[in-house]
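Structure assessment
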Amino acid sequence: MRVLVTGGAGFIGANFVHQTVRERPDAEVTVLDALTYAGDRASLADIEDKITFVEGNITDAALVDDLASKADQIVHFAAESHNDNSLKDPSPFIQTNLVGTYTLLEAVRKHGVKFHHISTDEVYGDLELDDPAKFTPDTPYNPSSPYSSTKAGSDLLVRAWVRSFGIEATLSNCSNNYGPYQHVEKFIPRQVTNLIDGIKPRLYGAGENVRDWIHVEDHNSAVWTIIDKGRSGETYLIGANGEKNNLEVVQTLLEIFGFDKNDFEHVKDRPGHDMRYAIDNTKLRTELGWEPKYTDFSTGLQATVDWYKANEAWWRPAKEATEAKYAAAGH
Ligand code: NAD
Ligand code: TDX
């Protein structure tokens, strides 16, 4: 299978490429990535000779057309992915998440290549803390931020191209990922690298917001399960029953580092901050037989901490500028 991975130099995409090279020796992998601030070729350094890397933009129609004509399956990870950035400047989110997805869909339509669209549970908005409900594939779309609304729009484009033009496509909406190669702007790597540097973790607001954590390896094994066994036009929700509030995550990290569990700081909250995400993964488990491997969050977190400790050369270059951006925003 010739697989074109967009955003393969980003966090989840790079882990997907590693997993694919490791577990699917017959796959011919091409990565298309614009190497924005979030993309890093170093994330693929140890497998560079096993893949083809193309530096380019998913909004470049001629390039996308050429690459799609040589692929059997596209897996579309490329996106602007950080909520806080989308609140400061939505414009790259419109370009990449909407125009970029549209550009890929047109090439998919022309060349009859299969498409898997990677999306987020944030398209469903948020849940109350005391609500027993979880998101299902039938939950109405209700995104809160420029990031999540552009992801919601991209999902709807994919669904429309399936219905109107008959393209073969599957969609997945996953909860919050953690693991190696995640940019230091994101919650867990930010706190881990702060703790390595002797800086206190930073909690937005009261720290009561709940995220449904899944290890990136489990997200990617689910993506392959959907590509292998999923039905075209269907949406699958990916999650591993990992609900934790942000305070619990910070305190687990403080414990791993052997620090006092109250040694953190409250900082300015995110405007429009979604309260709780939770995934009902029944469809994926019962229809496609997928199960997660990382069922114990603190074990997965310990492994992630170990990875950041061992790979300082990978994250250090982005740390200072990221913290300067947060300081300017009051976070
Ligand atoms: P990331 O920001 O770490 O990586 C994004 C990658 O896309 C980078 O390598 C970047 O260079 C590339 N890119 C950005 N704009 C591009 C463009 N115009 N053309 C080509 N490449 C471009 O993101 P991530 O956390 O790995 O997320 C990957 C996907 O998974 C996104 O679609 C995101 O919405 C989705 N998702 C993420 C999470 C999460 O917890 N991180 C959860 C659910 C879904
Ligand atoms: O320093 C921080 N302190 C803090 O309390 C940061 C950076 C974040 N937070 C909070 C905000 C959120 O409640 O932690 C939670 C997680 O924040 P992020 O890592 O920014 O993730 P989130 O906004 O939940 O979105 C993530 O999951 C869904 C990904 O970034 C998205 O790409 C994905 O779609």
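Everything discussed here concerns the structure shown above.
Now for a quick tour of the structure. Each chain carries its own residue numbering, running from 1 in the written order of its sequence. Chains carry letters and ligands carry numbers; both start at the beginning, A for chains and 1 for ligands, and go up in the order they are written. Per-residue local features of the predicted model are confined to residues with pLDDT of at least 70, and side-chain atom pairs are confined, for both listing and counting, to 80 or more; whole-chain, interface and lining totals are unaffected and use all residues. To get the side-chain values, take all heavy atoms of the structure and skip hydrogens and water.

**A word on helix α8 (residues 246–256)**
When a residue's accessible area, from a 1.4 Å probe over protein chains only, is under 20% of the maximum for its type it is buried; when over 50% it is exposed; and in between it is partly exposed. By the criteria applied, helices consist of DSSP H or I runs no shorter than four residues and strands consist of E runs no shorter than two, each listed in order from the N terminus. Among all positions in α8, only N246, V249, V250, T252, L253 and L254 are buried. Only heavy atoms matter for contacts: two residues are in contact if any of them lie within 4.5 Å across the pair. Of the surrounding elements, those touching the buried residues of α8 are α6 (187–196), β8 (202–204), β9 (210–212), β12 (243–245) and α10 (297–310). Its side-chain oxygen 3.1 Å from the backbone nitrogen of L247, N245 forms the N-cap of α8. Positive backbone phi, at 75°, marks G258, one or two positions downstream of α8. Here a polar contact means two N or O atoms within 3.5 Å. Within protein one must be a hydrogen donor candidate and the other an acceptor candidate, and residues neighboring in sequence count only if both atoms are side-chain atoms.

**Re the site of ligand 2**
Near residues are defined by distance, with any heavy atom within 4 Å of the molecule or strand qualifying the residue. Close to ligand 2 lie 22 residues, the nearest being E122, Y147, R211, R270 and H273. The side chain of R211 places a nitrogen or oxygen atom 2.7 Å from an oxygen atom of ligand 2. Its free accessible area being 660 Å², ligand 2 has 94% of it covered by the protein chains. If you list the elements that add at least two residues to the shell around ligand 2, you get α6 and β8. Class assignment for the residues of the shell around ligand 2 results in 6 nonpolar, 9 polar and 7 charged. The Shrake-Rupley method, run with a 1.4 Å probe sphere, supplies the accessible areas, and residue values consider only the shown protein chains as cover. Under the convention adopted here, Pro, Cys and the residues Ala, Val, Leu, Ile, Met, Phe, Trp and Tyr are nonpolar, Asp, Glu, Lys and Arg are charged, and Gly plus all remaining residues are polar.

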